[in-house]
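Descriptive analysis of the structure
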Amino acid sequence: FSLDQQQKPKGDETSVDINIATVSETLKRALRYFSAIQGHDGHWPGDFPGPLFTTATMIIVLYVTESLGTTLSSEHRKEICRYLYNRQNMDGGWGLHAEGESSMLSSALNYTALRLLGEDADGGPDMSMPKARKWIHDHGGTTMIPILGKVWLSVLGVSEWSGVNPMPPELFLLPSFVPIQPGRLWSHFRMAFIPMSYLYGKKFVGPITKLVLSLREELHIHPYKKINWKQARKLCAKEDAYHPHTWLQECLSDCLYSFGEPFLACWPVSHMRRKALRQIANFLKYEDDISRYICIGAAQKALSMLCCWSENPSSDAFKRHLARVADFLWLGEDGMKVRVCAGQSWDVAFAVQAILASNVAEEFGTTLRKAHHFIKASQIVDNPSGDFSRKYRHISKGGWAFQVADQGWQVSDCTAEALKALLLLSKFPSEIVGDQMETCRFHDAVNILLSLQNPNGGYGTWELARTYPWMENLNMTEIYADIMVEHQYVECTSSVIQALALFRQKYPGHREDEVEQCIRRATEFIEKLQNEDGSWFGSWGICFTYGTWFAIEGLSAVGQCYSNSTYIRKGCQFLLSKQLRNGGWGESHLSSTTKAYTNLDGEKSHIVNTAWAMLALMKAGQAERDPSPLHEAARLIMSMQLGNGDFPQEEMIGSFLKNGPLCYMAYRNIFPIWALGEYHRLVLCSG
C-alpha cells in the first residue's frame, strides 16, 4: 500500500455506529489484513526504528574494515542515503530520534556516514550536506559531540583518542565483587562499554584516507592540528546533554587522564593493559559465538565487529559478523536503515494474545498455527556454553529473546509474554492452533522466570541487578539515563505475574510454593511503584498509559479488582482523567523525558495509547460501572481504520532509557485488534 492510502482513515469518529455487527466487521477486516502480512514462518516482519545514529555507526565500521562495497551494493547505499536525507530536520541537523530536535551526535555521525557512502560535501537534495555542515559548525563543531560520538570519530580518524575521557580496559581485570567491574553493568551498556574500552586501550584508528582528512576539515571549526583535545574531551553540546556529567565524574576523569593513563603506560604496569586487552578479546569472541554474531543489539554488534577485525581482518569470525549484518537491515518507505534490533518474538507473543482476545479467533486458525509454531521454535533450549557465569551471563534455557533464539539473550518479559501466549493457545483445540508445547519446556520457562526475580520482588529486563543504584552517578553517555544498572520495571514484573498466574492454573504442582511466593513479592513491588496520582511510570512504552495498563493487568491477575483494590481504583481514575474530548488518549514521548504526563501537541489522540487505556479499564470492570468512556474510545479506533484494514502509523510509542523513543511498527495493528476484540467480547456481547 502507498503512503497516501495509509494516511486516509475511514472517517470522522462521530459518524461511526457502535454495535456488535460494526465492531465485528471492523475487527475481522483488521485481522484479515494483519494475517495477510504475516511471514511464512509465523512472525510479522517489520521495521524497528530507534536512535538515528545507529545506521551511521554500522557504515563507519564497514568503511574502516574496507567492507562497505562488498557488504552493501550500490542500491543498498542509495537507499541508505535516501533514508538519512528523509530523516534530516529542516534546520539541517538530525535528531537523536525521528521526532527529536537536532543533536550533535546524530548530525555529525549521519553527515559522516553520507560522506562515506559517496555523497559530495556540497551535494544532497536541496543542498542537504551544506545545511548539515552549517548546523554542526553553528553548534561548535564535532568537538562538542557526546562521548559515544567521540569514540566513533576517533576510530575513523576524524578526532583524536586524546579527546576522549578515559575508558581503561584494566577495569575488566577487577574482581567480580567490585561494583565498577564492567561485568556487573546493565547488559546493553556492558556490551557497548567493554568493546569501547578495548578500542580505547588499543587507541585503534582505521586507515587515514583522503576522505578522512577531508572530514577533519569539514567537521571541525578550528584547524585540526590546533584543537585542544584535552579540553575537547569535556565538551558536549547542550542539545545532547540530557544527563550531564556530575562533578564526581569530572574529577575521576581528570585524575585518570592526567595520572592514571600515564601510570598505566609505564613498564611494568603496562603489562596490565596487554592482559586486559587479551581477556576482553576472548570475552567478545565468546559473546559473538553464543549470540551467533547477532550480539545483543545493532550498536553492540558494530563495536564487536570492529574489535574482531582489529584482532584479525581475515578471520572467519569477522566473515561471520559480516554475514549477519543483513539481519539488521530494513527497507521501508523512507529508505534503508539499520534497525536497533528486530522484535520478532515479542511482537508474535502480543499478536497471539490480541487475536485470542476476540470472539472470532477460530476463524483465523492458520494465522494462529503459524504464530504458535514460531513461538515454540523461538524458545532458547540451552544455556550459554561453558562456564557462562564467569562470562557474566545468566541462565537462558527455557527463555525467549526479544528477537530470535539464535541471539540467545533471554528477556524476562519476552519469556513471560511468550509463556502467556502458549498457555492461552493450549486452551484451544489442536486442530485449530496446532499442538501445544511439551510440558518440560513450560517448566523450563517458569524456572528461568523464577531465577530472574530480584530481592525487592521486581523484574529487570535481561538479568538480575548486579550492582548498586549509585552507579548511575558514573553514567558517561550524556544522552541517556538509567543505563548503568539493571533496574526493575512495572512492565516486566507485571508480565511475569500474569504468566505465572496462568501457569499455576495449568500446572499447579510445579514449584508451587516458589511460584506463590514469587507472585506475592512481585505484586507488592508493583503496588509500591504507584504514583500519587494513581499512575505507574512505564519505561519501555509511552509512558504512564503503558505502565498503568501493565500494572492493572498484573494486579488483576492475582484477584485484585476495582471494588477491593485502592491501587486499581486510583489507576482507573488516573486513566479516565486523561481521556481526551474525542474519546482517545494521546501521550507524548516527552512524558518519558520529563517524567510528567504530557499530551501530544494539539490534544491529539494516539491509537495505541487509546487501546492500552481501553484494555486497562476493561480489565478493571469499567463496562459494569460506566461503559461510555469505552464506547467513545472504540468509536475513535474504528474511525481510524484504513480501507484495507490497516491502521495509520502515528508517533513513536516505545521508549528506553528515558530519552530514546522507539517505534514498534506492529503495535498499530496488534493493540487496536486487542482492544476491539476485548470490547466486542466483554462490553457488547456480554452486555
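Values in this document were obtained by computation on a predicted structure and should not be read as measured data.

Next up on the list: the nonpolar core. W549, Y667, F671 and Y679 are the most contacted members of the largest nonpolar core, which totals 213 residues. Counting contributing residues, this core receives three or more from each of domain 1 (20–48 + 342–684) and domain 2 (53–338). Residues in contact with W549, not counting those within four places in the same chain, are F350, W612, L615, A616, F671 and W674.

If you walk through the whole model with that rule in mind, you get 35 salt bridges. Among the salt bridges present, the one from E463 reaches R190, with a minimum N-O distance of 2.7 Å. One end of the pair, E463, is in the loop between helix 20 (439–451) and helix 21 (490–506); the other, R190, is in helix 9 (residues 187–202), and 273 residues separate them in sequence. A relative accessible area of 2% means that E463 is categorised as buried. For the salt bridge of K337 with D334, the shortest nitrogen-to-oxygen distance reads 3.1 Å. Here K337 matches D334 in class, with each residue buried. Salt bridges linked by common partners bring D47, R87, D334 and K337 together as one network.

What UniProt calls "domain: Squalene cyclase C-terminal" (unreviewed entry) maps, in this numbering, to residues 346–680. What you have in residues 346–680 is 49% helix and 0% strand, and the ends, taken at the C-alpha atoms, are 25 Å apart.

Moving on to the pairing of strand 4 (residues 335–338). Here strand 4 shows a buried face lined by G335 and K337 and a second buried face lined by M336 and V338. Linking strand 3 (residues 329–332) back to strand 4 in an antiparallel pair, the connection comprises two residues.

Further remarks concern a nonpolar patch on the surface. Together, I180, Y468 and W470 make up a nonpolar patch on the protein surface, roughly 300 Å² of accessible area in all. By relative accessible area, which is 44% here, W470 ends up partly exposed.

As a further point, take the packing of aromatic side chains. Given two aromatic rings, one states the distance between the centres and the angle between the planes to describe the pair. Enumeration over the complete set of coordinates arrives at 38 aromatic pairs. Between the aromatic rings of W161 and Y200, the centroid separation amounts to 5.9 Å while the plane-to-plane angle is 80°, which identifies the pairing as edge-to-face. Of the two residues, W161 is situated in the loop between helix 8 (147–156) and helix 9 and Y200 in helix 9; the sequence distance between them amounts to 39 residues. The exposure class of W161 is buried, given its relative accessible area of 6%. Overall, the relative accessible area of 2% leaves Y200 in the buried class. Over the ring of Y200 we find K203, and its NZ or CZ is 3.8 Å from the ring centre. Positioned above the aromatic ring of Y257 is the side chain of R233, whose terminal nitrogen or guanidinium carbon lies 4.1 Å from the ring centre.

A word on the side chain of D334. Considering the arrangement of structural elements, one finds D334 in the loop between strand 3 and strand 4. When sequence neighbours within four positions are dropped, the list of residues in contact with D334 reads R82, Y83, N86 and R87.

This brings us to unusual backbone geometry. Cis geometry marks the peptide bond from W267 to P268, where omega comes out at 5°. With respect to the element layout, P268 can be found in the loop between helix 12 (247–264) and helix 13 (270–290). Even without being glycine, D126 reaches a positive phi, approximately 55°. Structurally, D126 is set in the loop between helix 6 (104–116) and helix 7 (128–138). Note on D126: relative accessible area 60%, which makes it exposed. One non-glycine residue, D482, adopts positive backbone phi at about 55°. Summarising the element assignment, D482 is placed in the loop between helix 20 and helix 21. Given the relative accessible area of 25%, D482 is considered partly exposed.

Our next topic: the domain arrangement of the chain. With domains assigned, the chain is organised as domain 1 (20–48 + 342–684) and domain 2 (53–338). Between the C-alpha centres of domain 1 and domain 2 there is a distance of 33 Å. Each partner contributes residues to the interface: domain 1 has 46 residues there, and domain 2 has 49 residues. Each partner contributes to the roughly 4,400 Å² buried at the junction of domain 1 and domain 2, and carbon and sulfur atoms together form 62% of this total. Ranking the residues of domain 1 by area buried against domain 2 places Y392, M476 and E478 at the top, with a combined share of 19%. The interface formed by domain 1 and domain 2 holds four salt bridges in total. Here D47 and K337 are joined by a salt bridge, their closest N and O atoms 2.7 Å apart. Our enumeration of links across domain 1 and domain 2 arrives at 24 residue pairs in polar contact (both at pLDDT 80 or more). Tallied by class, residues from the side of domain 1 that touches domain 2 come to 22 nonpolar, 13 polar and 11 charged.

Our next topic: the UniProt feature "domain: Squalene cyclase N-terminal" (unreviewed entry) in the chain. Using the residue numbers shown here, the UniProt feature "domain: Squalene cyclase N-terminal" (unreviewed entry) corresponds to residues 28–330. The span residues 28–330 is 53% helical and 2% strand by assignment, and the distance between its end C-alpha atoms comes to 29 Å.

With 13 residues, helix 6 should cover 18 Å at 1.5 Å per step; its first-to-last C-alpha distance of 18 Å lies within 8% of that length. Summarising burial for helix 6: 13 of the 13 residues are buried, a large majority. In the segment just after helix 6, G118 is the residue with positive phi, at about 105°.

Let us look at helix 2 (residues 20–36). Helix length check: helix 2 (17 residues) gives 24 Å between terminal C-alpha atoms against 24 Å at 1.5 Å per residue, within 8%. All buried positions along helix 2 are accounted for by V23, S24, T26, L27, R29, A30, L31, Y33, F34 and S35. Contacts from the buried residues of helix 2 go to helix 16 (344–356), helix 17 (365–378), helix 28 (628–639) and helix 29 (667–684). Sitting at the amino-terminal end of helix 2 is N19, which places a side-chain oxygen 3.0 Å from the backbone nitrogen of A21.

Parameters and conventions
- Residues numbered from 1 in each chain as written.
- Predicted model: local features only at pLDDT ≥ 70, side-chain atom pairs only at ≥ 80, totals over all residues.
- Heavy atoms only, no water.
- Core = buried A, V, L, I, M, F, W, Y, C linked by side-chain atoms within 4.5 Å.
- Buried < 20%, exposed > 50% of the residue type's maximum accessible area, 1.4 Å probe, protein only.
- Domains from an automatic or database assignment.
- Contact = heavy atoms within 4.5 Å.
- Salt bridge = Lys/Arg side-chain N within 4 Å of Asp/Glu carboxyl O.
- Helix = DSSP H or I, 4+ residues; strand = E, 2+ residues; numbered from the N terminus.
- UniProt positions renumbered as here; feature names shortened; annotations may be inferred.
- Pairing = 2+ DSSP bridges.
- Patch = residues over 30% accessible without salt bridge, like charges linked within 9 Å, V, L, I, M, F, W, Y side chains within 5 Å.
- Areas by Shrake-Rupley, 256 points an atom, 1.4 Å probe, with all protein chains shown as cover.
- Phe/Tyr/Trp six-rings, centres within 6.5 Å; stacked < 30°, edge-to-face > 60°.
- Lys NZ or Arg CZ within 6 Å of the ring centre and 35° of its normal.
- Buried area = accessible area lost by both parts, 1.4 Å probe.
- Polar contact = N/O pair within 3.5 Å; in protein donor to acceptor, adjacent residues only side chain to side chain.
- Nonpolar A, V, L, I, M, F, W, Y, C, P; charged D, E, K, R; others polar.
- Expected span 1.5 Å × (residues − 1).

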